[in-house]
Amino acid sequence: MPLLNHFLHPGSAHGLARLQTRLLKQYLALTTMLYVAGVAASILPHGDRITANITGGVIAIVVGVAGLVALWVRPRTIVGHRVALGAALIASPMVMAFHVLTSAQFLCLIAVMFVAMYIRAFHRNRPARVLIGVLVACVLAAVWWAPAPLFPISYLVFVVAIVGAAETFGAVTKELIIASCTDPLTGVFNRAGWEIAASEARPTEQIRRHTPAPNSLTVVAIDVDDFKTVNDTDGHRVGDAMLVELAQVWRGLAPPGTVIARLGGDEFAAMLAGHRDEVVEAFVQATRQRLSHVSVGVASSTASGEPVAEILARADSDLYLDKRSRSRSISVVDPEAMRTGLLGPRKSDDGPALTAHVCGTAQ
């Protein structure tokens, strides 16, 4: 499951967007300080020995400071991130374009490799490869333009170093991030992924000043009725297969942009941010009709300051009301019927389909 494709900046105070911003900020701060030190060292007297042309260093300092300001003024926004990432992409090549020492070019290559790893780890596959291609092109143009002498094989070394760093360390980091946020059984988010997405949907006050939260947010919680009976009767392998199929079907029913997670056991939750009421209602009704052996709870909020955890708690309360209502309607649980009827209309002992219990949406 391409987890990171669900949203551009999944994050929280302890999540990916915060980590993404912090790493980019640290990179820009450290490299800018190095460029300041390099410029300062270059303008000191060295006799007749020429060490560097400070033009590239000065440009890199200005660009780095601009990127840091963008991250400070507009944190965890697309605009702030793009400005800062652009600064990281061009700062080192600008320094390399004016180097007169070959050894200095290879020192700058280290910084470029870190940028490539960062891009590969925190961006979608296709945009990441495009950005890395742009980075490689900038570096090759810079070293070609620079007065520092290079053997032709050095250009190949630069390309292999940048692409290799991105496709090894960067790709591995991305896979680790995805694995940490994904439920290995069903392929949807796990609890950690849910918390990351939830805090992005309800950002801090500082972030809300620049990125308004959605007008409405709805949480739909479900769990399988009498799931323990299936595990006890036919084993956990059958129960796991039911959960996998449930997750696949529910993802197919969800509108675009919905975050779906397995919170634990047979409990799942979906978060719909900024969707119209009729879209949410259609999703809830489709859930009741297709997933006929699950209880459903719904809670919504239009208050941007209400945490998702509180909305989820209200959805859980609504779910257990629905579960108690359904348990009174069905006195005998047939595990075989649960397995075969999980994804179709559920029948009562007398034959007719059970009437769906319509939950009220919390205001």
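Our subject is the structure that appears above.
Residues numbered from 1 in each chain as written. Predicted model: local features only at pLDDT ≥ 70, side-chain atom pairs only at ≥ 80, totals over all residues. Heavy atoms only, no water.

A.B. asks: What am I meant to see in the pattern of salt bridges here?
C.D. replies: Two side chains of opposite charge can pair, provided their charged atoms sit close to one another. According to the stated counting rule, one finds nine salt bridges in the structure shown. Of the charged contacts in the structure, one is a salt bridge between Glu 278 and Arg 276, with a shortest N-O distance of 2.9 Å. Several salt bridges share partner residues, and in doing so they unite Asp 223, Asp 225 and Lys 323 into one network. (Salt bridge = Lys/Arg side-chain N within 4 Å of Asp/Glu carboxyl O.)

A.B. asks: Just checking my understanding: could you explain the environment of Val 136 for this structure?
C.D. replies: Tracing the backbone through its elements, the reader meets Val 136 in helix 5 (residues 125-145). In this view, Val 136 contacts Val 159, Ile 162 and Val 163; residues no more than four positions away in its chain are not counted. (Helix = DSSP H or I, 4+ residues; strand = E, 2+ residues; numbered from the N terminus. Contact = heavy atoms within 4.5 Å.)

A.B. asks: Would you mind going over unusual backbone geometry with me for this structure?
C.D. replies: Both trends apply: most residues other than glycine have a negative phi, and most peptide bonds are in trans. The backbone phi angle of Asp 226 is positive, close to 50°, even though this residue is not glycine. On the basis of relative accessibility, which here comes to 40%, the residue Asp 226 falls in the partly exposed class. (Buried < 20%, exposed > 50% of the residue type's maximum accessible area, 1.4 Å probe, protein only.)

A.B. asks: Whenever I open this one, helix 5 confuses me. Can you help?
C.D. replies: Side chains that are three or four residues apart share a direction in an α-helix, a result of its 3.6 residues per turn. Compared with the 30 Å implied by 1.5 Å per residue over 21 residues, the 30 Å span of helix 5 between its first and last C-alpha is a close match. Residues Ala 128, Ile 132, Leu 135, Val 136, Val 139, Ala 142 and Val 143 constitute the buried set of helix 5. The buried side chains of helix 5 occupy one side of the element, clustering within an arc of 130° when seen end-on. Pointing more than 90 degrees away from the buried face of helix 5 are the exposed residues Arg 126, Val 130, Trp 144 and Trp 145. Where helix 5 is buried, its residues contact helix 3 (78-96), helix 4 (102-122) and helix 6 (152-181). (Expected span 1.5 Å × (residues − 1). Arc of directions from axis to C-beta.)

A.B. asks: Would you mind showing me how to read the environment of Asp 183 here?
C.D. replies: Structurally, the position occupied by Asp 183 is in the loop between helix 6 and helix 7 (191-201). For the pair formed by Asp 183 and Gly 193, sequence separation is 10 residues and the distance between their alpha carbons is 8.8 Å. The contact partners of Asp 183, leaving out residues within four places of it in the chain, are Val 188, Phe 189, Asn 190 and Arg 262. Side-chain polar atoms of Asp 183 contact the side chain of Thr 186, separated by 2.6 Å. (Polar contact = N/O pair within 3.5 Å; in protein donor to acceptor, adjacent residues only side chain to side chain.)

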